[in-house]
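Structure assessment
Here is how the chains run, residue by residue.
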Amino acid sequence: VLRCLGIPTRVITNFNSAHDKNLNLSIDKYIDVSGNNLHLSEDSVWNFHVWNESWFIRRDLGSFYDGWQVLDATPQEKSKGIYQCGPASTRAIKEGDVNLDYDSPFVFAAVNADCVTWIRYSKKRKERIYSDTRKIGKFISTKAVGSNSRVDVTANYKYPEVKEISFKISYSQYKNSLVDDRKILVTAV
């Protein structure tokens, strides 16, 4: 319909799409001390979810948020009392501006939520034991113009994940590095 009106529109597919039911920007899993799943959260991760983007000028939000806007024709939650989603600025989503209207926090979580595992000791005490910041929002894609090729648009929704560099050193090297640090501190005083 939007294309018929002359508004540029495209279909977007998000793989490992989060459904953040309680809008806390994380997908929470609760286990007991024996490792059994407690089913306390309605959050979930879908293999994929599809929505549309349309190109708008955002006079209501300011020119910083002009450009591609998320519109979901299959909203999963009510927004302002009715089933709707968007138009949420992809720029706002990438920048983490989750305090804007039009379901920005929900779309942000769909592409960038953390998956957090909690041990629940009692109704009042829980402890975070694991957090995966890379699982959600993979290969966010659209179809290329004029071909059946996939175009990766993940960079429109989120910044690249920081890569961890791991290395090993012996205990003696570590111990010696602490001695060197103390020499620097003493020298600095």
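For the structure itself, consult the block above.
Residues numbered from 1 in each chain as written. Predicted model: local features only at pLDDT ≥ 70, side-chain atom pairs only at ≥ 80, totals over all residues. Heavy atoms only, no water.

1. Here we look at the pairing of strand β4 (residues 67-71)
Counting buried residues in β4 gives five out of five residues, a clear majority hidden from the surface. Here strand β3 (residues 44-56) pairs with β4 via five bridges, running antiparallel. When the bridges of β4 are listed, S54 appears paired with Q69. (Buried < 20%, exposed > 50% of the residue type's maximum accessible area, 1.4 Å probe, protein only. Helix = DSSP H or I, 4+ residues; strand = E, 2+ residues; numbered from the N terminus. Pairing = 2+ DSSP bridges.)

2. Some remarks on a nonpolar patch on the surface
Together, V11, F15, F48, V50 and F139 line one region of the surface with nonpolar side chains, adding up to about 450 Å² of accessible area. Along the chain, V11 turns up in strand β1 (residues 9-19). (Patch = residues over 30% accessible without salt bridge, like charges linked within 9 Å, V, L, I, M, F, W, Y side chains within 5 Å. Areas by Shrake-Rupley, 256 points an atom, 1.4 Å probe, with all protein chains shown as cover. Salt bridge = Lys/Arg side-chain N within 4 Å of Asp/Glu carboxyl O.)

3. What to know about the environment of Y30
With respect to the helices and strands, the residue Y30 is situated in strand β2 (residues 26-31). For the pair formed by Y30 and T117, sequence separation is 87 residues and the distance between their alpha carbons is 5.9 Å. Among all residues touching Y30, those that are not within four sequence positions of it are N36, N37, L38, H39, L40, S41, W118 and K126. Within polar-contact distance, the side chain of Y30 engages the side chain of K126 at 3.5 Å. (Contact = heavy atoms within 4.5 Å. Polar contact = N/O pair within 3.5 Å; in protein donor to acceptor, adjacent residues only side chain to side chain.)

4. Observations concerning the packing of aromatic side chains
Here the structure, examined in full by the defined rule, presents five aromatic pairs. Aromatic side chains Y30 and W118 sit 6.4 Å apart centroid to centroid with 20 degrees between the ring planes, which places their arrangement in the stacked category. On the criterion of sequence distance, the pair formed by Y30 in strand β2 and W118 in strand β8 (residues 114-120) is long-range, its members being 88 residues apart. Note on accessibility: Y30 and W118 belong to one class, buried. Here the aromatic rings of W51 and Y157 are separated by 6.0 Å at their centres, their planes lie at 55 degrees, and the arrangement is tilted. Of the two residues, W51 is situated in strand β3 and Y157 in helix α3 (residues 154-157); the sequence distance between them amounts to 106 residues. Neither residue differs from the other here; W51 and Y157 are each classed as buried. Positioned above the aromatic ring of W68 is the side chain of R10, whose terminal nitrogen or guanidinium carbon lies 4.0 Å from the ring centre. In this structure, R58 packs its charged tip against the face of Y102, placed 5.0 Å from the ring centre. (Phe/Tyr/Trp six-rings, centres within 6.5 Å; stacked < 30°, edge-to-face > 60°. Lys NZ or Arg CZ within 6 Å of the ring centre and 35° of its normal.)

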